Structure formats: C-alpha cells, structure tokens
Amino acid sequence: MADRPLLFHLSDVHFGLEHNRALDWVAAEVANRKPDAVVITGDLTMRARHREFAAARDWILSLEAPVTVEVGNHDLPYFNPLERFLDPYRRFHGMEQVVEKEIDLPGMAVVSLRTTARAQPRLNWSKGWVGDAALARCLAAIDALPEGTQVLVAAHHPLVEVGTRGTALTRGGTRALAELAKRNVVAVLTGHVHDPFDLMADTVNGPVRMVGAGTLSQRIRSTPQSFNELTFVDGKLCVEARNLQAVPTEDMKIDSVPEDAMPPREPGEPVAPVGAVPRTDPPVY
C-alpha cells in the first residue's frame, strides 16, 4: 500500500439497468490506478434476479483490487417471499467472500454496517433499518481493531432519519451515528440516493462525517454516473466525485439527503449538470 492509501467507493450499480460505459470506465480505472480497496455500498442489482446477480458477480470478481460489498434493498429477493424471509442472501452465491467483508489496511479499516431488513413494520421496505444485532456486530468489529485505527464504516442507506418516525429514511440511524461518534470513525460511506454527498451529522456524542457515492446505473437522479475516489492526506480523508462528464466535485455534491432516489420532480430541485435526468424512471420489466 502507498503512503497515501487510495480507495474507490462505488454504489448502486443496478445490474439490469447498468450503464456499460460507466462500468468499463471504472474497471479500467481500477486496473490502472490499483486502489488499495474497492468499497461497493449496495444495490448491485435492479430486481435481485439471478441473471443480474450473475452479471454483478462476474464484474465485481474481475476487479483487480480487494473488494467489500454491502447488501442493498434492491438485492433482496423481490418475487420470492419465501426466499426473502428464509435465505435472503442466497443469490450472492459465488461472491460470498466479499459480502460485508472487513478490509484491513495499515492504520485503517473498512467495517460493515448492515442497513437492509427482510421485513419491516412499515409499508416501504426499501428504506433503511439498523437493527440491534447489526449495530452490535459493527461496534464489536470496530472495538476489536488496534487502538488508533482509522475506521470507515460501509453501509447502504445513509444513517439519517428524515421526516416523521413512520417515514424515517433509516430507522435506528440516529442511534447508530451517536454510537459511531464515540469511536475513531473517519466517515460513514453509503449509497442509495444516487447522488454524491459529503455532510456532517451532529449527534449527542459529537459530529460524524457522512459520505455518499452516486450511481453507475441508468437510474441517475441529479448528477451523472460517478464514483468516489478516497485518499488520506496527513491523516485527513479527501473525497473526489469522479464522473464521466468531468463535473467538478463541489458541483456534484448534494447539500442534503433526499428521502428517495427518484429523479427531481419539482421546480427548483437540482438538475443534472449535463441535463441528463430522465423525465420518467427507466421502465422495469
């Protein structure tokens, strides 16, 4: 590993509605730049179909770098309720070794926090849920690291609770952020909303940095396809939102976390720098 570790943070590839040019570009960047790790924060597929997982597996395992993958809400079975409840991660067959894998590098580590749930006591199961067991596993993994290790926590859903209790974006996110604030967590890396962001969340135990990656799919929201390039300079995390349109990082970042990943609908909402937001979502068959 170089003196300045390099990580690529990808998210929301959505095989089934993937953007092939973006995938080829990222694979070439991995081969040429040789990052110390690639962190993929969920939604590998569009509808968790077997063929989508097969394409995701082949692409991910072809990357020439250590990889860790989070599970997104789109990665749980849509059309097989029995499998969703009894064996929800079965379709990750062939790449189990990278799912929620801890990445350990000199002086730093990437630790998983699961935010998906096979069922929730609310109608919208696409939103995040940090359960007691998931949070306990994450905190135990952090606490087991050597003292002074800088930690990046990888999850799919941003750990914010937007709106009322019934429609919270990620139930349990406030509590999770407060616990992470007690530890040497440099940032929480997430996806889900299809736009990059780099925000500070205030908690009762101090601030926590939240870094979101955009999408590598056709389902863009308000920015072109992108991934985050993470470097550490003098111990400080630097984030660059790399994208196919060469849009400056500051112009790529959204200033708050939306409740969903739908394209902008209302006047005044951000529009893609290249005018590429679809009028309607791409069809799903």
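Preceding this paragraph is the structure being described.
All residue numbers refer to position in the chain's written sequence, counted from 1. Only residues with pLDDT of at least 70 are given local features in this predicted model, and only at 80 or more are side-chain atom pairs given and counted; all residues enter the totals for whole chains, interfaces and linings. In computing side-chain properties, one takes all heavy atoms of the structure into account and sets aside hydrogens as well as water.

K.L.:
Give a description of the overall build of the chain that names residues and reports values.
P.N.:
When helices and strands are tallied, the chain shows six helices and 13 strands. Think of it in three bands: with a 1.4 Å probe and only protein chains considered, a residue is buried below 20% of the maximum accessible area for its type, exposed above 50%, and partly exposed in between. Among the 285 residues that make up the chain, the fraction classed as buried is 57%. In what follows, residue pairs with any heavy atoms lying within 4.5 Å of each other are defined as contacts. The contacts of the chain with a sequence gap of at least 6 include a subset with a gap of at least 24, amounting to 72%. Exposure was quantified through the Shrake-Rupley algorithm and a 1.4 Å probe, taking into account, for residues, occlusion by the shown protein chains and nothing else. Carbon and sulfur atoms make up 51% of the accessible area of the chain, which totals about 12400 Å². Secondary structure elements are defined from DSSP: runs of H or I of at least 4 residues count as helices, runs of E of at least 2 residues count as strands, and each element is numbered from the N terminus.

K.L.:
Give a description of the packing of aromatic side chains that names residues and reports values.
P.N.:
Two measures describe an aromatic ring pair: the distance that separates the ring centres and the angle between the ring planes. Here a pair means two rings of Phe, Tyr or Trp (six-membered ring of Trp) with centres within 6.5 Å. Their orientation is stacked below 30 degrees between planes, edge-to-face above 60, and tilted elsewhere. For the coordinates displayed, the defined rule picks out five aromatic pairs. Between F53 and F92 the ring centres are 4.8 Å apart and the planes differ by 65°, which places this aromatic pair in the edge-to-face class. Placement of the pair is F53 in helix 2 (residues 50-62) and F92 in the loop between helix 3 (81-86) and strand 4 (103-105), with a sequence separation of 39 residues. Judged on exposure class, the residue F53 and its partner F92 are both buried. Pairwise contacts between aromatic rings join F8, W25 and F227 into one cluster.

K.L.:
Provide a residue-level description of the sheet that holds strand 13 (residues 236-243), including the pertinent values.
P.N.:
On the basis of which strands lie adjacent, the open sheet formed by five strands has the order 3-2-1-12-13 and mixed pairing. A strand with exactly one partner marks an edge of an open sheet, and here the two such strands are strand 3 (67-69) and strand 13. The sheet shows a mean angle of 20° between the axes of neighbouring strands, taken without regard to direction. The pairing of strand 1 (residues 6-10) with strand 2 (residues 37-40) spans four bridges and is classified as parallel. Looking at strand 2, one finds that H9 is bridged to V39. The criterion for strand pairing is that DSSP finds at least two bridges linking the strands in question. Angular values range over 0 to 180 degrees, each being the angle between N-to-C directions of two axes fitted as lines to C-alpha atoms, with helices fitted over their stretch in contact.

K.L.:
If you had to explain helix 2 to someone new, which residues and values would you point to?
P.N.:
Expected helix span is taken as 1.5 Å per residue step, with the number of steps being one fewer than the number of residues. Its 13 residues place the ends of helix 2 18 Å apart at the C-alpha level, agreeing with the 18 Å of an ideal helix rising 1.5 Å per residue. Residues E52, F53, A56, W59 and I60 constitute the buried set of helix 2. Down the axis of helix 2, the buried side of the element spans an arc of 135°, and every buried residue falls inside it. Opposite the buried face of helix 2, by more than 90 degrees, sit the exposed residues H50, R51 and D58. If you follow the buried residues of helix 2, they end up packed against strand 1, helix 1 (20-33), strand 2 and strand 3. Here the arc refers to the set of directions running from the helix axis out to each C-beta atom.

K.L.:
Report on the nonpolar core, specifying residues and quantitative values.
P.N.:
Nonpolar cores are built from buried Ala, Val, Leu, Ile, Met, Phe, Trp, Tyr and Cys residues. Side-chain atoms within 4.5 Å join them into one set. Membership of the largest hydrophobic core comes to 31 residues, with the highest contact counts inside it found for L10 and V38. Broken down by secondary-structure element, the contributors of at least two residues to this core are strand 1, helix 1, strand 2, helix 2 and strand 3. Ranked by the residues each element gives to this core, the list is headed by helix 1, at five residues. Within the second largest apolar cluster, 29 residues are counted, among which are V151, V160, A176 and L177.

K.L.:
Describe in detail the pattern of salt bridges, supporting the description with residues and values.
P.N.:
Side chains that carry opposite charge are capable of pairing whenever their charged atoms lie near each other. Each reported salt bridge corresponds to a side-chain nitrogen of Lys or Arg within 4 Å of a carboxyl oxygen of Asp or Glu. Summed over the entire model, instances satisfying the criterion amount to 15 salt bridges. The residue R33 makes a salt bridge to E229 at a minimum N-O spacing of 2.9 Å. In this pair, R33 sits in helix 1 while E229 sits in strand 12 (residues 226-233), placing the two residues 196 residues apart along the sequence. According to the relative accessible area criterion, R33 is partly exposed, its value standing at 36%. D198 serves as the salt-bridge partner of K253, at 3.8 Å between the closest nitrogen and oxygen. In this pair, K253 sits in the segment after helix 6 (249-252) while D198 sits in strand 10 (residues 197-203), placing the two residues 55 residues apart along the sequence.

K.L.:
Kindly report on the sheet that holds strand 11 (residues 206-212), identifying the contributing residues and their values.
P.N.:
Across the sheet, which stays open at both edges, the six strands sit in the order 4-5-7-9-11-10 with mixed pairing between neighbours. The sheet is open, and its two borders are formed by strand 4 and strand 10, each paired with just one other strand. Within the sheet, the average angular offset between the axes of one strand and its neighbour, ignoring direction, is 25°. Both strand 7 (residues 150-154) and strand 9 (residues 185-190) contribute to a ladder of four bridges, which runs parallel. Bridge pairing in strand 9 links V151 to V185. Sheet strands touched by helix 4 (residues 132-143): strand 5 (108-112), strand 7 and strand 9. Its angle to strand 5, the strand with the most contacts, is close to 165°.

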